[in-house]
Amino acid sequence: MGQDFKLNHMPKDIDFATIHIWPDTWERPEESFQRSWILTHMREAEEELGKPLVLEEFGKSIKSYEDGIEARNQVYRSAHELVEESVRKNRGLKGSCFWNWETDLIRSPGSYEINNGDSTFELVKEHARRMNEMSAQKCSFRCEV
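Residues numbered from 1 in each chain as written. Predicted model: local features only at pLDDT ≥ 70, side-chain atom pairs only at ≥ 80, totals over all residues. Heavy atoms only, no water.

Asker: How do you make sense of the pattern of salt bridges when you look at a structure like this?
Answerer: For the coordinates displayed, the defined rule picks out 15 salt bridges. The residue Lys89 makes a salt bridge to Glu85 at a minimum N-O spacing of 3.0 Å. What makes Glu85 partly exposed here is its relative accessible area of 32%. In this structure, Glu133 engages Arg129 in a salt bridge whose closest nitrogen and oxygen atoms are separated by 2.7 Å. Taken as a pair, Glu133 and Arg129 lie in helix α4 (residues 119-136) at a separation of four residues, close to a single helical turn. (Salt bridge = Lys/Arg side-chain N within 4 Å of Asp/Glu carboxyl O. Buried < 20%, exposed > 50% of the residue type's maximum accessible area, 1.4 Å probe, protein only. Helix = DSSP H or I, 4+ residues; strand = E, 2+ residues; numbered from the N terminus.)

The structure is reproduced here in structure tokens:
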């Protein structure tokens, strides 16, 4: 939003493209928008740039653990599903990095951080496990026969 995705990633010295998605900051909380944003950039990275794509930053702000955890978990589930589907189908979206992991010592309500006691962190761990399993089954670079 406000930058030229293709132009920014077009130089030959750029190895892969990245995107962020912030449903709260952009005031676009709909899951349909999130999916469309990611899939549109994945298509552009594949077809127009010929580069892999990483969902470099994403998250969901919550005011309190009790009031927002399920909404945050759905944002993570949706992003993880898109990444995993892309990897399974050998498409352009290759990974994701959530924002951000903190400890209880500095946790503040109304922010994006998760910690190892959150159900969201369990989703991240499961996603990492599935990605690791898929990675183990694939060649990490183009293999010439």
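Next comes the rest of the description.
Asker: Would you mind going over the sheet that holds strand β2 (residues 53-58) with me for this structure?
Answerer: In a beta sheet, neighbouring strands pair by backbone hydrogen bonds and run either parallel or antiparallel. The three strands lie next to each other as β1-β2-β3, forming an open sheet whose pairing is parallel. At either margin of the open sheet sits one strand with a lone partner, and together these are β1 (17-21) and β3 (93-98). Sheet twist, expressed as the mean angle between neighbouring strand axes with direction ignored, is 20°. Pairing of β1 with β2, which is carried by five bridges, proceeds in the parallel orientation. (Pairing = 2+ DSSP bridges. Axes fitted to C-alpha atoms, helices over the stretch in contact; angles between N-to-C directions.)

Asker: How should the pairing of β1 be read in this particular structure?
Answerer: Successive side chains on a regular strand alternate, one facing one side of the sheet and the next facing the other. Side-chain alternation along β1 places Ala17, Ile19 and Ile21 on a buried face and Thr18 and His20 on a face that remains uncovered. After leaving β1, the chain enters helix α2 (residues 31-49) and then returns to the sheet as β2, a path that is right-handed. (Right-handed = clockwise from strand over helix to strand, strands pointing away.)

Asker: Mind showing me how you'd approach the packing of aromatic side chains here?
Answerer: Centre distance and the angle of the planes are the two values used to describe a pair of aromatic rings. Counting across every chain of the model gives six aromatic pairs. Clustering of aromatic rings is evident, with ring pairs tying together Trp26, Phe33 and Trp37. (Phe/Tyr/Trp six-rings, centres within 6.5 Å; stacked < 30°, edge-to-face > 60°.)

Asker: Honestly, α2 in this entry has me stumped. Any pointers?
Answerer: Residue pairs three or four apart in sequence face the same way in an α-helix, which turns once every 3.6 residues. The first and last C-alpha atoms of α2 sit 26 Å apart over 19 residues, in line with the 27 Å expected at 1.5 Å per residue. Gly50 lies just past α2 and shows a positive phi near 65°. (Expected span 1.5 Å × (residues − 1).)

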